[in-house]
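# Secondary and tertiary structure notes
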There are 2 protein chains.
Amino acid sequence: MFDLPKNLKKISLFLEQLPGIGEKTANRLALYMLRLPENVLLEFSQAIANLKSKTKLCRRCFNLTENDYCQICSDSSRDQTTIIVIEQVYDILSFEKGRIYHGLYHVLHGRIDPLNHIGPEDIKIAELLNRIKKESQIKEIILATNPNLEGEATAMFIKEKIEKNYPSIKISRIGYGLPIGASIEYADYMTLKKSLEGRMKY
Amino acid sequence: MFDLPKNLKKISLFLEQLPGIGEKTANRLALYMLRLPENVLLEFSQAIANLKSKTKLCRRCFNLTENDYCQICSDSSRDQTTIIVIEQVYDILSFEKGRIYHGLYHVLHGRIDPLNHIGPEDIKIAELLNRIKKESQIKEIILATNPNLEGEATAMFIKEKIEKNYPSIKISRIGYGLPIGASIEYADYMTLKKSLEGRMKY
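Summarised in this report is the structure supplied together with it. (Residues numbered from 1 in each chain as written. Chains lettered and ligands numbered in written order. Predicted model: local features only at pLDDT ≥ 70, side-chain atom pairs only at ≥ 80, totals over all residues. Heavy atoms only, no water.)

### Re the side chain of A:Thr81
Residues and elements named next belong to chain A. Filter applied, for reference: Runs of H or I in DSSP of at least four residues are treated as helices and runs of E of at least two as strands, each being numbered from the N terminus. In protein, a polar contact means a hydrogen-donor-capable atom and an acceptor-capable atom, both N or O and within 3.5 Å, with residues adjacent in sequence counting only if both atoms are side-chain atoms; elsewhere, any N or O pair within 3.5 Å suffices. We call two residues contacting when some pair of their heavy atoms lies within 4.5 Å.
Within the secondary structure layout, threonine 81 lies in the loop between strand 2 (64-65) and strand 3 (82-86). Side-chain polar atoms of threonine 81 contact the side chain of aspartate 79, separated by 2.6 Å. Sequence-distant contacts of threonine 81, defined by excluding residues within four places in its chain, comprise Gln137, Ile138, Lys139 and Glu140.

See below:
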């Protein structure tokens, strides 16, 4: 059976292993790349080759960085007393997009997930506790793990650890409820239950 | 505002210019690549760097190849008397997937599209006529440009050229009608009209 030429096929097969990209899309993207200017392709090739060696974890919050400390930790104008604890680097981009928060982060790089054999020691929880110990200016930890079984378990575990070791630190959990733009008609009852529990004076 | 580290961002920006990939998907894919093994990334980087230099057009049918002639033209077991004329390389993959056809192809690399200033001389029509002249064994040309305005205009133009210069060659156009699995309820009337015109004895 006919297939794409070898080098093009290699590119297509690489793209196919990325999440959400099937064989057809991979072929289409590879063929599209063929039309891009040589210098654009070479620059991309170089960036891919450097990806692992250039990208490191921030020594303080485990965000991605090319230096010792990430852009956020290096920014002394940010509020040093608050830390949002998140599961993955991507979540930082979501918070930062809205410019709604000016404190620091701590990336867990995962969540407690016993079914997949991921325990508390496999994610950056010890590092968080260590950080709280070292950084005496920290006043509040906002737990922003995802609102699902594993995220809740992770938040609960961290909450108990901090409460036990650092009782003066304020611990909060991001609010639950209806997302903006949603309609009650289509909301699931768990979300509605949470939105009632989390109701605020109006 | 916080953004991904420079090298990672470069990758994300490259991906974002590909069709169907937005900023969020590009970020997600770039972050996913970070988790792939170093050797996989290096091999991909190499393939990207080689893409333009390695990939050429087949000297006979203008399919993609790494040699002088493509895999299909090099396969002497294929029927050398029939040529399917298509707009783009991708269309070969569609025909070949089903193993429904064993003849040759001719890739136009475009279609006549006056609104976008693409005339007959901008696509491989002269090359097709030249090929028919040189390859005396050719008996049938199947026009498989897309069933839209530009594709029809292109097919019509080629048909007239061949009829005039090589009257003995059989020219056909791919059939129109309802795609398999479709329902008449949702079919547009142009397709239904074509499916009536193209009805076959049963």
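Next comes the rest of the description.
### Here we look at the packing of helix 4 (residues 89-97) of chain A against helix 2 (residues 23-33) of chain B
Quick reminder of the rule: Convention adopted: a line fitted to C-alpha atoms gives each axis, helices being fitted over their contacting stretch, and angles between N-to-C directions are expressed from 0 to 180 degrees. Angles are sorted into four bins: roughly parallel if under 35 degrees, roughly antiparallel if over 145, roughly perpendicular if 65 to 115, and oblique for all others. The handedness criterion is simple: a crossing whose near helix is rotated anticlockwise from the far helix by less than a right angle is left-handed, and one whose near helix is rotated clockwise is right-handed. Put simply, Ala, Val, Leu, Ile, Met, Phe, Trp, Tyr, Cys and Pro go in the nonpolar bin, Asp, Glu, Lys and Arg in the charged bin, and everything else, Gly too, in the polar bin.
For the pair helix 4 of chain A and helix 2 of chain B, interaxial distance at closest approach is 10 Å and the crossing angle is 150 degrees. By the angle between their directions, the pair helix 4 of chain A and helix 2 of chain B is classed as roughly antiparallel. Every pair of crossing elements has a handedness; the one defined by helix 4 of chain A and helix 2 of chain B is right-handed. Contacts between helix 4 of chain A and helix 2 of chain B involve A:Val89, A:Tyr90, A:Leu93 and A:Lys97 from the first element and B:Glu23, B:Lys24, B:Asn27, B:Arg28 and B:Leu31 from the second. Within the contact of helix 4 of chain A with helix 2 of chain B, the residues separate by chemical class into four nonpolar, one polar and four charged.

### Considering the nonpolar core
The nonpolar side chains of soluble globular proteins are, as a tendency, buried together. What counts is decided by this rule: Remark: nonpolar core denotes a set of buried residues (Ala, Val, Leu, Ile, Met, Phe, Trp, Tyr, Cys) joined through side-chain atoms within 4.5 Å. For each residue, the accessible area found with a 1.4 Å probe, counting protein chains only, is set against the maximum for its type, and the residue is called buried under 20%, exposed over 50%, and partly exposed in between.
Counting residues in each nonpolar core, the largest one holds 113 residues, and the members touching the most others are A:Met33, A:Ile141, B:Met33 and B:Ile141. In contact with A:Ile141, not counting residues within four places along its chain, are A:Ile83, A:Val85, A:Leu128, A:Ile132, A:Ile162, A:Ile169, A:Lys170, A:Ile171 and A:Ser172.

### Observations regarding the interface of chain A and chain B
Rule in force here: Buried area: the accessible area, evaluated with a 1.4 Å probe, that two parts lose upon being put together, summed over both parts.
Of the residues lining the interface, 57 residues belong to chain A; the matching set on chain B comes to 57 residues. At the boundary of chain A with chain B, total buried surface from both sides reaches about 5800 Å², with 72% on carbon and sulfur atoms. Those elements giving two or more residues to the side of chain A that touches chain B turn out to be helix 1 (6-16), helix 2 (23-33), helix 3 (38-54), strand 2 and helix 4 of chain A. Among the residues forming the side of chain A that touches chain B, the class breakdown is 33 nonpolar, nine polar and 15 charged.

The quantities given are spatial measurements derived from coordinates; they are silent on function.
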